[in-house]
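Spelled out from the first residue to the last, the chains are:
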Amino acid sequence: TLSLHDALPISDEASLLLHLETALQRAVAGLAGPWTTLADAAAALEDGITAPTLLVIDDVHTIEGTSAETVLERFIEYAPETLAVLVASRSQPHFNLSRLRVVGRVVELGVDDLRFRTWEVEQLFRDFYGQPLGPHELAELARRTDGWATGLQIGRAHV
């Protein structure tokens, strides 16, 4: 896992590649380096990642609008099939997502995918918390929290 927030400042290709290389070398023994260009990274990944590997990159919004964001997009495009990259951001990256969709390199999860629907809130409280809610309590809790997991957890204490 690489949190770009913790690795600040990252705004250029060299900084981003250094952090990507460091994160992946922790997980993949013998991964070639140093990565001074995107081509170095692509070659090292192609030769070095033979088993399915997941790279999680958090706080991508911190590199928004920089050359590092452009390099990250290209890094994802050039990654071998054995490397899945999960990107988390508070805003949508300025990637060409349509191109990544066409080549099957992206699955998007947005806010609507992450929130609990009313029926899921009902099931959560009934089956997991053991606190079945009445229809009015359920509707109010779903409305107040907008289905967000943290809000539901906090709301549980007040039900």
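Note that the structure is a prediction, hence the values are computed from the model and not measured.

A. Here's a closer look at the overall build of the protein. From N to C terminus, the protein includes eight helices and three strands. Secondary structure elements of the protein, listed N to C terminal, follow the sequence β-α-α-β-α-β-α-α-α-α-α. Taken over C-alpha atoms, the radius of gyration comes to 20 Å for the protein, far larger than the 15 Å a tight globule of 159 residues would show. Seen through its principal axes, the protein has C-alpha atoms that stretch 60 × 35 × 30 Å. In the protein, which comprises 159 residues, the proportion classed as buried is 35%. In the protein, the proportion of contacts linking residues at least 24 apart, taken out of those at least 6 apart, comes to 60%. Summing over all exposed atoms, the protein offers an accessible surface of approximately 9,500 Å²; the carbon and sulfur share of this is 54%.

B. Inspection of the environment of proline 52 at higher detail. Inspection of the secondary structure puts proline 52 in the loop between helix H2 (38-48) and strand E2 (53-58). On a C-alpha basis, the gap between proline 52 and tyrosine 78 in space is 15 Å, while along the polypeptide they are 26 residues apart.

C. Region of interest: the nonpolar core. Counting 28 residues, the largest nonpolar core has Leu20, Leu24, Trp35, Leu55, Leu72, Phe75 and Leu83 as the members making the most contacts within it. Those elements that place two or more of their residues in this core are helix H1 (13-27), H2, E2, helix H3 (67-78) and helix H4 (97-102). Listed in part, the eight residues of the second largest apolar core include Phe125, Tyr129, Leu133 and Leu141.

Thresholds applied
Residues numbered from 1 in each chain as written. Predicted model: local features only at pLDDT ≥ 70, side-chain atom pairs only at ≥ 80, totals over all residues. Heavy atoms only, no water. Helix = DSSP H or I, 4+ residues; strand = E, 2+ residues; numbered from the N terminus. Rg over C-alpha atoms; globule rule 2.2 N^0.38 Å. Buried < 20%, exposed > 50% of the residue type's maximum accessible area, 1.4 Å probe, protein only. Contact = heavy atoms within 4.5 Å. Areas by Shrake-Rupley, 256 points an atom, 1.4 Å probe, with all protein chains shown as cover. Core = buried A, V, L, I, M, F, W, Y, C linked by side-chain atoms within 4.5 Å.

Honestly, that's just the spatial picture; any functional story needs more than this.
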